[in-house]
Protein chains: 2
Amino acid sequence: MANNDCRANIIAAAIPLFAAKGLNGVSVRELARAAGENLSMISYYFGGKEGLYAAVLTEQFAVLDKIEEIERTDIDTLQKFELYVRATVSRYRKSPYLLRFYTSELTNPTACFETITKPAIKKVVQTLLKAFTEGLSHEKFRDDLDPADTVLALAGMINFYFLLEPVTADVVDHSPDRDEVLIRHIMDIFTRGVLK
Amino acid sequence: MANNDCRANIIAAAIPLFAAKGLNGVSVRELARAAGENLSMISYYFGGKEGLYAAVLTEQFAVLDKIEEIERTDIDTLQKFELYVRATVSRYRKSPYLLRFYTSELTNPTACFETITKPAIKKVVQTLLKAFTEGLSHEKFRDDLDPADTVLALAGMINFYFLLEPVTADVVDHSPDRDEVLIRHIMDIFTRGVLK
DNA sequence: TATCTTAAATCAAACGTTTGAACAGCATCC
DNA sequence: GGATGCTGTTCAAACGTTTGATTTAAGATA
C-alpha cells in the first residue's frame, strides 16, 4: 500500500507474464493479482492493458540503446563484433525476458511494433552494418561478402542459440558458465568467414 | 455443400490468422467468418479452438519430418548441411507461415509445445548433430568445435534471416531471386568455419 | 436413413474499462 | 487552529461487451 510503489509493482509483475503469454495471453485481472494491486490501477497509470504493455516494452528495449557505444569505441573492427556478441549475451543474462518480447513482437506484432520494436532492432542492425563497412574500408574483410547477410548471420548465430533454449536445454548446457566458450566459438566461425 | 471442404476451408483460413495473431489473438467467430463456414463447424470438426490450433500446427510441422531424408542420403557430409539450408529456405518459401508458428511456440508456448513443437524441432537438431559427428569421424571437420554450438550456429544464420524480415525488409532484398546467393553466402561462412 | 451443414439462440464465464466513494497529504483562508 | 478545498492515489463494485462452447431445429446430401 506504499505510495508510488504501485506503478513499479505492476510493471515488475507484468514483465514475466507478458513475456510468457504475450499481450493477449494475460488478462488485466491476472496482471493485477500478480502485482498485488488493484485492478483499476492499470487503467489509472497506463491508460489500459495496451499502455502497460507499451511501458513494459519500452523498459525492456531501453538496454538496446547502449549498442551505440560500439560505434564510438575505438577498437579493432572485428573486436566491435565481439563486443556486440558479448553485449548480447550479457543482456540476455541480465534481463532474461528480453528475447521473448523481441521475437514475440517479430512473429505476432502488436501496435507497438512499428513505434517501439522495429526502431530498436533496426538500430542494432545498422550499427553492425556500419562496423562491417568500416572493416571493408580498412581492407580487413573479404569484399565479396554481402554486408547485410553477413551481420545478420552473426546476429542469427547468437540469438538463435538463446531462442532455441526451450528445445535444446536437455542437449546443450545453457548455463552462464559456458557463455565464454560460446562467444569464442561463434566469433571463431565468424572470423574465419569474413577475414581476408 | 461439398463433402469435406468445410474442414479444409477452416484450416486454410486459420493458418494466416493464427500465424499473425497467435492462439489467443483470434476468436472462433473471426475464424469462422474468415473461412466462410459456420461457427459450430469448429467445435464439430476440431472440438474447439485449441483443437483447430493443434490441427494447424500438426499440418505446418509435417514438412519438418522430411529432414530425415538427409540421414539416408549418401552425399558428402558438408553437402548434407547445404541440403538442410536449401530445404529450410524452400520450406519457408512454400509455407510462408511456418516460421511464425515455429517461433511463436518457442516464445509463447501453448499446450501444443511439448507434444508437437518440441519433438518436431528436436528431430531437426538431432539430424544435424548426427551429420556433424559423421563429418568428425571422417576427419573432415575441426575436432575442437562443439557439435551442438556449431549446428545451432548454422540453423541460426538461416532462420534468423527470415525471422528478421519484418525489420530488415527495407534494407535487405528478401525476394526468392536472391535465395541462391543467400544459401551460398551462409554455406561459405559455415564451411570456412568448420573445415579442417 | 445416416451424415453433414446451416443459422440462430443460449449459456456461464471472462474480458477491458469505468465509476463514485474513500483516503491521504498539503496548501489556503478566516 | 480548525475548517476548507484541492490533488493524487486506492478501492470494491459494477459496467456493457465479447469470449468459447453448446444446443436447437431445419435443411441438404448421398
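Residues numbered from 1 in each chain as written. Chains lettered and ligands numbered in written order. Predicted model: local features only at pLDDT ≥ 70, side-chain atom pairs only at ≥ 80, totals over all residues. Heavy atoms only, no water.

*Asks:* Describe the overall build of chain A, with residues and values.
*Replies:* Assigned secondary structure in chain A consists of 11 helices and zero strands. Helices and strands in chain A line up, N terminus first, as α-α-α-α-α-α-α-α-α-α-α. Viewed in the frame of its principal axes, chain A has a C-alpha envelope of about 60 × 35 × 30 Å. Put simply, chain A has 196 residues, and 52% of those count as buried. In chain A, once contacts between residues fewer than 6 apart in sequence are set aside, the share between residues at least 24 apart is 69%. With the model as given, the accessible surface of chain A reaches about 8,800 Å², and the carbon-plus-sulfur share is 51%. Averaging the locations of the 23 positively and 27 negatively charged side chains of chain A gives two centres separated by 3 Å. (Helix = DSSP H or I, 4+ residues; strand = E, 2+ residues; numbered from the N terminus. Buried < 20%, exposed > 50% of the residue type's maximum accessible area, 1.4 Å probe, protein only. Contact = heavy atoms within 4.5 Å. Areas by Shrake-Rupley, 256 points an atom, 1.4 Å probe, with all protein chains shown as cover. Lys, Arg positive; Asp, Glu negative; His and termini not counted. Charge placed at Lys NZ, Arg CZ, Asp CG, Glu CD.)

*Asks:* So, the relation of the copies chain B and chain A: which residues are in play, and what are the values?
*Replies:* Taken as rigid bodies, chain B and chain A are interconverted by a rotation of 180° and an axial shift of 0.0 Å, the fit giving an RMSD of 0.1 Å. When the rotation and shift are considered jointly, the pair of chain copies conforms to a two-fold rotation axis. Across chain B, the smallest distance between a C-alpha and the rotation axis is recorded for Gly156(B), namely 2.3 Å. With an isologous cut-off of 70% or more, the 100% of interface residues of chain B that recur at the interface of chain A puts this contact in the isologous class. (Least-squares fit on C-alpha atoms with pLDDT ≥ 70 in both.)

*Asks:* So what's going on with the confidence of the model for chain A? Which residues, and what values?
*Replies:* Per-residue pLDDT for chain A averages 94, and the proportion of residues at 70 or more is 98%. Summarising per-element confidence for chain A, the mean pLDDT is lowest in helix H5 (residues 68–72) of chain A (88) and highest in helix H9 (residues 147–163) of chain A (98). (pLDDT = per-residue confidence, 0-100.)

*Asks:* Talk me through the interface of chain B and chain A; I want residue IDs and the actual numbers.
*Replies:* Counting from both sides, the interface comprises 50 residues of chain B and, opposite them, 50 residues of chain A. Interface area, chain B with chain A, both sides summed: about 4,500 Å², of which 67% is carbon and sulfur. Residue Asp188(A) is joined to Arg142(B) by a salt bridge in which the shortest nitrogen-to-oxygen separation is 2.6 Å. Where chain B meets chain A, there are 18 residue pairs in polar contact (both at pLDDT 80 or more). Of the residues in the side of chain B that touches chain A, the class split is 26 nonpolar, 13 polar and 11 charged. (Buried area = accessible area lost by both parts, 1.4 Å probe. Salt bridge = Lys/Arg side-chain N within 4 Å of Asp/Glu carboxyl O. Polar contact = N/O pair within 3.5 Å; in protein donor to acceptor, adjacent residues only side chain to side chain. Nonpolar A, V, L, I, M, F, W, Y, C, P; charged D, E, K, R; others polar.)

*Asks:* I'd like to hear about the packing of aromatic side chains, residue by residue, with values.
*Replies:* Inspection of the entire model under this criterion finds 18 aromatic pairs over all chains. Here Phe18(B) and Tyr53(B) contribute two aromatic rings whose centre-to-centre distance is 5.1 Å and whose plane-to-plane angle is 85°, an arrangement assigned as edge-to-face. Of this pair, Phe18(B) sits in helix H1 (residues 5–21) while Tyr53(B) sits in helix H4 (residues 49–61), placing them 35 residues apart in sequence. You can call Phe18(B) buried: its relative accessible area is 2%. Here the aromatic residues Phe81(A), Phe132(A), Phe141(A) and Phe190(A) are joined through ring pairs into a cluster of three or more. (Phe/Tyr/Trp six-rings, centres within 6.5 Å; stacked < 30°, edge-to-face > 60°.)

*Asks:* A description of the domain arrangement of chain A should follow, citing residues and the corresponding values.
*Replies:* Residue and element names in this part refer to chain A. What the domain assignment lists for chain A is domain 1 (3–57) and domain 2 (60–192). A separation of 29 Å is found between the C-alpha centroids of domain 1 and domain 2. Of the residues lining the interface, 11 residues belong to domain 1; the matching set on domain 2 comes to 11 residues. Of the roughly 980 Å² buried between domain 1 and domain 2 on both sides combined, carbon and sulfur atoms contribute 71%. Considering only the surface of domain 1 that becomes buried against domain 2, Ala19, Tyr53 and Leu57 emerge as the three largest contributors, covering 55% of it. In this structure, the connection of domain 1 to domain 2 is made through zero salt bridges. For the pair domain 1 and domain 2, the number of links is four residue pairs in polar contact (both at pLDDT 80 or more). Where the side of domain 1 that touches domain 2 is concerned, the elements lending two or more residues are helix H1 (5–21) and helix H4 (49–61). Among the residues making up the side of domain 1 that touches domain 2, the classes are represented as 10 nonpolar, no polar and one charged. (Domains from an automatic or database assignment.)

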